[in-house]
Amino acid sequence: MIRLHILRTPAILKWASINFFDSYKIPVWPSGSLFCIANNPRFYRRKEVVDNDMDGEITPQIGEATIKRAQAALIDYLHSTRTLELADAEHMSKNSPVFLAKLLEKVGCTTLSDTGRSVTRFLRYHPINEFEPFFESSGLRPHQYESLLPRDLMFLTDDDLLLVNYSVLCSYGIPRNKVGKIYKEAREVFQYNYGVLASKLKAYEEVGLEQSFIGKMVICSPNLLTGNVNVYFIKSVEILRKGGKECCWIEQHLSDKISYNWSRLYAILELFSNAGYSEEDLGRLMGRHPGILFESSGENTLSLIGFLFKFGSSINQMHYMFLEFPEMTVGKFLSNLKQCFLLFNEIEMETEDIGKIICSHSLVLGSCSLKKTNSLLSALNVGKKRLCDIILQNPEEMRNWVMGSKVKPMPSTGERLTSQMLKTNFLVDLGFVEKSKEMEKALKVFRGKGDELQERFDCIMQAGLDRKDVIQMIKIAPQVLNQRKEVIQMKIDYFLNDLGYPVSSLVSFPAFLTYTIPTIKLRLTMYNWLKDHGKVGSTLSLSSLIGCSDKLFVKRYVELHPRGPEVWQDLKKNIVTK
């Protein structure tokens with residue numbers, strides 16, 4: 001009795017979501033046939049060349065006549081001596097060039113006329129591992145079948161079930177050079193007892209599938225032959241047929257180079273059906289974009305759905321997106337979406353805005369292979385905030401920023417000129433001489449808008465310092481004003497209340513405000529430890545302790561004590577990385 005385990009939509013979306021979000025930390029928003037029947041390897045050309053089309057397995061230069069005589073000797077050995085079927089012996093001998101080259105190397109024959117006789121004599125006294133030419137002629141490379149070789153067998157006839165099931169597959173129409181893939185992915189098939197494999201193939205015929213189609217599907221999905229009849233496969237074919245896609249269409253869009261997961265393919269078809277697609281709609285969609293179903297056995301499609309679902313996309317929005325899906329692979333579309341998400345993060349777009357734009361303009365974002373963020377900011381000659389505004393106002397503008405296109409700078413809004421003027425006026429008000437080297441240095445250091453500088457300046461004054469003292473501090477360390485007001489207030493509070501220094505001490509060492517609190521705490525804790533162990537005095541200034549580089553601090557102070565480096569590393573773990 002065939003039972004069908006229904007995959008529910010929420011479970012599918014959960015899988016897809018986890019599959020993508022293992023690697024991307026994203027906040028939650030509400031919300032012609034490729035089947036090659038006769039794949040005859042061309043061993044050697046008429047001219048002696050090196051055949052290296054073996055995934056790294058390089059065969060030596062051997063003449064064609066030599067190869068033919070060696071093949072004939074091997075055929076005779078496998079058929080006459082080892083009693084293999086003539087067709088099997090011939091196929092193995094003529095389709096295992098790497099094995100044959102190694103055999104000739106061992107034989108070491110010196111003349112062309114001696115080749116056949118030498119190989120025959122060698123095989124008479126040196127039995128070969130027959131599984132090697134068997135697997136190679138079945139389509140596997142030596143590096144693929146090495147792990148498959150039986151440890152305690154050399155002769156194929158010792159594994160009668162292998163030969164029986166091999167014969168069943170070949171008789172069914174499956175090319176001999178495709179059997180290796182089936183063995184590699186579904187080895188248990190070759191241990192079925194007499195009649196079992198034939199009954200499994202017959203079971204697929206009984207549901208209305210043709211023998212040639214079944215044979216080709218088995219190559220694409222060897223696991224169809226394991227267990228009971230694969231109901232996911234049967235149901236998937238039924239759904240596609242109802243949508244107007246016959247078996248020949250399925251054959252056309254599957255590759256025997258990869259293997260397909262029919263439970264996942266069925267899950268996608270069910271998901272689209274539950275999303276409101278009629279059988280006709282589903283047939284038309286798959287006809288236009290078969291990759292939605294077959295690409296990576298649907299894994300890319302489920303990842304895409306999970307990505308959009310996480311951002312709050314509705315079923316209707318996804319429905320429309322797939323109906324208008326561009327002429328590109330699903331994997332590329334998803335990659336473009338991820339790149340856009342990274343761009344939005346890097347230009348510090350608000351979380352809510354990211355969700356809205358991904359949901360409403362997924363087709364635009366997925367169709368664009370954008371330039372990297374820094375390149376884009378430079379080419380457009382804009383800042384992060386303005387780029388955010390441009391995207392939010394007109395997401396279609398992103399189509400002009402794709403890789404390989406020439407991006408024109410955005411017209412100036414005058415904002416930068418206004419900010420520069422405010423910075424200049426601020427510095428003049430502090431006593432800087434306009435266009436002086438001192439002013440140019442300060443302008444280069446300052447970041448942010450001009451109207452923010454005064455606010456930060458006033459914040460320092462409010463700590464209890466005179467205006468002239470703060471002006472002197474800014475002239476010494478203008479970078480102090482690059483920090484937000486809240487950060488400056490926090491550092492001053494730490495300086496006064498935690499360290500216990502008077503506010504006047506900041507005048508002589510204003511650069512203190514540019515260091516992070518963990519860095520300051522690390523240096524002072526290490527200094528206090530050294531002081532407790534009698535290695536440093538108590539008169540060192542803050543500028544001496546904080547103002548030097550880590551390398552110099554370690555050399556000048558930490559290494560004064562034998563245990564100093566060990567304590568320093570422990571403190572770094574507990575303070576800096578905490």
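Nothing here was measured: the structure is a model prediction, and the numbers come from that model.

Asker: Sorry if this is basic, but what is going on with the overall build of the chain here?
Answerer: In terms of helices and strands, the chain carries 33 helices and 0 strands. Counting over 578 residues, the chain shows a buried share of 47%. As displayed, the chain has an accessible area near 30100 Å², and 49% of this comes from carbon and sulfur atoms.

Asker: Quick question: what am I supposed to make of unusual backbone geometry here?
Answerer: For residues besides glycine, phi is generally negative; the peptide bonds are generally trans as well. A positive phi is found at Thr 83, a non-glycine position, where the angle reads about 60°. On the secondary structure map, Thr 83 appears in the loop between α2 (64-81) and α3 (86-94). Relative accessible area serves as the criterion here: at 58%, Thr 83 is assigned to the exposed category. We note that Asn 381 has phi near 60°; this positive angle belongs to a residue other than glycine. Structurally, Asn 381 is set in the loop between α22 (373-380) and α23 (384-393).

Asker: Would you mind going over the confidence of the model for the chain with me for this structure?
Answerer: Regions with low pLDDT carry predicted coordinates that are not meant to be interpreted in detail. Summary statistics for the chain give a mean pLDDT of 84 and a share of 87% for residues scoring 70 or more. Of all the helices and strands in the chain, helix α1 (residues 9-21) carries the lowest mean pLDDT, 46, while helix α6 (residues 131-137) carries the highest, 96.

Asker: Would you mind going over helix α8 (residues 160-171) with me for this structure?
Answerer: Side chains three or four residues apart in an α-helix point the same way, a direct result of the helix having 3.6 residues per turn. Counted at 1.5 Å a residue, the expected span for α8 with its 12 residues is 16 Å, and the 16 Å between its end C-alpha atoms agrees. Those residues of α8 lying buried are Leu 161, Leu 162, Asn 165, Tyr 166, Leu 169 and Cys 170. End-on, the buried residues of α8 take up no more than an arc of 165°, which puts them together on one face. In the stretch just after α8, Gly 173 is the one whose phi turns positive, near 110°.

Asker: Help me out: how do you make sense of the packing of aromatic side chains in this one?
Answerer: Geometry of an aromatic ring pair is reported as the spacing of the ring centres plus the angle between the planes. Evaluation of the coordinates by the stated rule reveals 23 aromatic pairs. Judged by centre distance (5.7 Å) and plane angle (45°), the rings of Trp 249 and Phe 294 are tilted. With Trp 249 in helix α13 (residues 247-252) and Phe 294 in helix α16 (residues 291-294), the pair connects residues that are 45 residues apart, well separated along the chain. Accessibility assignment for this pair places Trp 249 and Phe 294 in one class, buried. Every member of this aromatic cluster is reached through a ring pair, and the members are Phe 131, Phe 134, Phe 135, Tyr 145, Tyr 166, Tyr 183 and Phe 190. Directly above the ring of Phe 155 sits Arg 82, whose terminal nitrogen or CZ lies 4.0 Å from the centroid.

Asker: What's the story with the pattern of salt bridges in this structure? I'm lost.
Answerer: Note that side chains of opposite charge can pair when their charged atoms are close. For the coordinates displayed, the defined rule picks out 20 salt bridges. Between Lys 178 and Asp 256 there is a salt bridge, and its shortest N-O distance comes to 3.1 Å. Of this pair, Lys 178 sits in the loop between α8 and α9 (179-185) while Asp 256 is found in the loop between α13 and α14 (262-274), placing the two residues 78 residues apart along the sequence. Classification of Asp 256 as buried rests on a relative accessible area of 5%. Across the salt bridge formed by Asp 429 and Arg 467, the nearest N and O atoms sit 3.3 Å from each other.

Asker: Help me understand α14 in this model?
Answerer: In this model, α14 (13 residues) spans 18 Å end to end at C-alpha, consistent with the 18 Å of a helix rising 1.5 Å per residue. Most of α14 is tucked away: 10 of the 13 residues are buried. Residues of α14 that are buried include every one of Trp 262, Arg 264, Leu 265, Tyr 266, Ala 267, Ile 268, Leu 269, Glu 270, Leu 271 and Phe 272, and no others. Downstream of α14 by a residue or two, Gly 276 has a phi angle that is positive, lying close to 110°.

Asker: Which parts of the structure should I look at to understand the side chain of Ser 221?
Answerer: Following the sequence through the fold, Ser 221 ends up in the loop between α11 (211-220) and α12 (231-242). Not counting residues up to four positions away in its chain, the partners in contact with Ser 221 are Tyr 260 and Trp 262.

Asker: Got a minute to help me understand the environment of Asp 281 in this structure?
Answerer: Tracing the sequence through the fold places Asp 281 in helix α15 (residues 279-288). A distance of 2.4 Å separates polar atoms of two side chains, one belonging to Asp 281 and the other to Arg 284.

Asker: What should I look at first to understand the environment of Leu 560 in this one?
Answerer: Summarising the element assignment, Leu 560 is placed in the loop between α32 (550-556) and α33 (564-576). The sequence separation of Leu 560 and Leu 530 amounts to 30 residues, and the corresponding C-alpha distance is 8.1 Å. Apart from residues no more than four positions distant in its own chain, Leu 560 is found in contact with Lys 535 and Val 536.

Asker: It is not clear to me how the environment of Ile 182 should be interpreted in this structure. Could you clarify?
Answerer: Its location among the elements puts Ile 182 in helix α9. In sequence terms Ile 182 and Leu 169 are 13 residues apart; their C-alpha atoms lie 9.8 Å from each other.

Asker: Before we go on, may I ask you to explain the packing of α14 against α15 in this structure?
Answerer: Packed helix pairs are characterised by how far apart their axes lie and by the angle those axes make with each other. Contact pair α14 / α15: the axes reach a minimum separation of 10 Å and the direction vectors enclose 130°. Taken together, the axes of α14 and α15 are oblique relative to one another. For the crossing formed where α14 meets α15, the hand is right-handed. Seen from α14, the contacting residues are Leu 269, Phe 272 and Ser 273; seen from α15, they are Leu 282, Leu 285 and Met 286. Of the residues in the contact of α14 with α15, the class split is 5 nonpolar, 1 polar and no charged.

Asker: Which parts of the structure should I look at to understand the packing of helix α19 (residues 330-346) against helix α20 (residues 351-360)?
Answerer: Where α19 contacts α20, the axes come no closer than 10 Å and their chain directions differ by 155°. On the basis of their axis angle, the class for α19 and α20 is roughly antiparallel. Note on packing geometry: the crossing formed by α19 with α20 is right-handed. Here Phe 341, Phe 344 and Asn 345 of α19 lie close against α20, whose contacting residues are Ile 354, Ile 357 and Ile 358.

So, how was this worked out
- Residues numbered from 1 in each chain as written.
- Predicted model: local features only at pLDDT ≥ 70, side-chain atom pairs only at ≥ 80, totals over all residues.
- Heavy atoms only, no water.
- Helix = DSSP H or I, 4+ residues; strand = E, 2+ residues; numbered from the N terminus.
- Buried < 20%, exposed > 50% of the residue type's maximum accessible area, 1.4 Å probe, protein only.
- Areas by Shrake-Rupley, 256 points an atom, 1.4 Å probe, with all protein chains shown as cover.
- pLDDT = per-residue confidence, 0-100.
- Expected span 1.5 Å × (residues − 1).
- Arc of directions from axis to C-beta.
- Phe/Tyr/Trp six-rings, centres within 6.5 Å; stacked < 30°, edge-to-face > 60°.
- Lys NZ or Arg CZ within 6 Å of the ring centre and 35° of its normal.
- Salt bridge = Lys/Arg side-chain N within 4 Å of Asp/Glu carboxyl O.
- Contact = heavy atoms within 4.5 Å.
- Polar contact = N/O pair within 3.5 Å; in protein donor to acceptor, adjacent residues only side chain to side chain.
- Axes fitted to C-alpha atoms, helices over the stretch in contact; angles between N-to-C directions.
- Parallel < 35°, antiparallel > 145°, perpendicular 65-115°, else oblique.
- Left-handed = near helix turned anticlockwise from the far one by under 90°.
- Nonpolar A, V, L, I, M, F, W, Y, C, P; charged D, E, K, R; others polar.

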